[in-house]
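Below are the chains, spelled out letter by letter.
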Amino acid sequence: MKTISKLAVVAITATAALALAGNALAVQKLSVSQTATSLTIKISQAQTDAQPARISIYVPTGYSLNTSQGPGTVIGTTSGSVFARDANIPLPLSGDVVVAPPNTDAAPCFTGTHTAVWLLRLQVAGQQIQLPIAVDQTSGTAGALGSYQLVTCLSPSDVPQGTPGRSPNGAQLLEAVFTVNNIFTVPAGTSIWKTLTTPYTPATGVPNAAGTVETRSIVGTGAISIGKKITSLKKRMLRLSGKVSQAGAAVAGSQVTLLLNGKASKFKARTNAVGNYTINLRKTGKKSTTTFQARVTVAERDVTSTGCASPSVPPVPCVSATASGFTALTAKLKIRL
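Residues numbered from 1 in each chain as written. Predicted model: local features only at pLDDT ≥ 70, side-chain atom pairs only at ≥ 80, totals over all residues. Heavy atoms only, no water.

*Asks:* An account of the overall build of the protein chain is requested, with residue identities and associated values reported.
*Replies:* Each helix and strand in the protein chain was counted, giving one helix and 27 strands. With the C-alpha coordinates of the protein chain rotated into their principal frame, the extents come out at 85 × 45 × 40 Å. Once local pairs closer than 6 in sequence are excluded, the contacts in the protein chain between residues at least 24 apart make up 67%. Computing the positive centroid from 30 side-chain charges and the negative centroid from 10, the protein chain places the two 36 Å apart. (Helix = DSSP H or I, 4+ residues; strand = E, 2+ residues; numbered from the N terminus. Contact = heavy atoms within 4.5 Å. Lys, Arg positive; Asp, Glu negative; His and termini not counted. Charge placed at Lys NZ, Arg CZ, Asp CG, Glu CD.)

Here it is, written out as structure tokens:
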């Protein structure tokens, strides 16, 4: 490894203004991450956004659902935060996700018997709040959004104290995260989760259907490629290049690290606006075979400009889209120089 010295690293960092389509209406976001056995959903919004009256999360086609757990079974954990209007402070939430009887109601949001009902059993400011989520297969036109939908409803937060049905402490949602274990079988490839959120009309406690917005989360593995070109055999100069992508789209601004004989090296590059990277090297010392690999770790990122290009339910605007993080490693490339 000591016989390899860097000539140049071409690192072009893409910078782009991430203008959120419809951001004047809302800044809600949906984030989904998953492993083979667990799935985490995160809903967030700004304090300036109206309290959601109804949140419908659509599970993409390809996921299968395990409903064998009986009522009372703990299937995961939940956390988040609310803004308590009565105390004018944010408050943290935490608790468990528990299976409830399938006929549990959250009138007037949903009634009847469901495929499953989960309770977010939350502790906040010394109080326990149970927020039900109805899980059902989609039907009709909703089938185009996903195979299942997870529906929950919140109480209004900005109506006067004492109003029947007002949320405790005037609590307004800021962030809600819940993880369920061994519930979903995750399909291969990339999936797009979608959420439709209907807010309350301010200070009325009446849902505002015209204010409904869509948010999205792109979930799936990313990819990185590597190729070689010997630019000067006499000078033993080598160019390694490739591309980082997810769901077929380029990932700009990601740092690529070169591995030499399986070990991380100091040689790095950033992908450009179209996801490409280039690393130029010069080999010195005795002629030998070296194994090269490229590795990239990408954090969750905002992809609203591309991810929201085509709203699912016009004229409902798509206001934000995220893409899940991933780590990718190329196959080994053996070069003798």
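Read on for the rest.
*Asks:* Give me the lowdown on the nonpolar core, citing residues and values where you can.
*Replies:* Grouped together as the largest cluster of nonpolar side chains are 36 residues, with contacts concentrated most on Ile41, Trp118, Leu150, Phe178, Val180, Phe184 and Trp193. Per-element accounting of this core gives the leading share, five residues, to strand S8 (residues 116–124). Apart from residues lying up to four places away in sequence, valine 180 is in contact with Thr37, Ser38, Leu39, Ile75, Gly76, Val97 and Trp118. (Core = buried A, V, L, I, M, F, W, Y, C linked by side-chain atoms within 4.5 Å. Buried < 20%, exposed > 50% of the residue type's maximum accessible area, 1.4 Å probe, protein only.)

*Asks:* If you had to explain the pairing of strand S20 (residues 255–260) to someone new, which residues and values would you point to?
*Replies:* Of all the six residues making up S20, five are buried; the element is thus mostly covered by neighbouring parts of the structure. As consecutive antiparallel partners, S20 and strand S21 (residues 263–270) are separated by two residues, and within that stretch asparagine 261 has a phi angle of approximately 55°, a positive value. In this sheet, strand S23 (residues 289–298) lies alongside S20 in antiparallel orientation, the contact comprising five bridges. Within the sheet, the bridge partner assigned to valine 256 lies in S23 and is valine 296. (Pairing = 2+ DSSP bridges.)

*Asks:* Residue-level account of the packing of aromatic side chains, with values.
*Replies:* All told, the structure shown has four aromatic pairs when counted by the stated rule. When the ring of tyrosine 63 is compared with that of phenylalanine 184, the centres are 6.3 Å apart and the planes differ by 90°; the resulting orientation is edge-to-face. Of the two residues, tyrosine 63 sits in the loop between strand S4 (52–59) and strand S5 (64–65) while phenylalanine 184 sits in strand S12 (residues 184–185), which places them 121 residues apart along the sequence. Comparing tyrosine 63 with phenylalanine 184 shows no difference in burial state: the two are buried. Between phenylalanine 184 and tryptophan 193, the aromatic rings sit 6.2 Å apart at their centres with planes inclined by 85°, giving edge-to-face as the arrangement. For phenylalanine 184, a relative accessible area of 7% corresponds to the buried category. (Phe/Tyr/Trp six-rings, centres within 6.5 Å; stacked < 30°, edge-to-face > 60°.)

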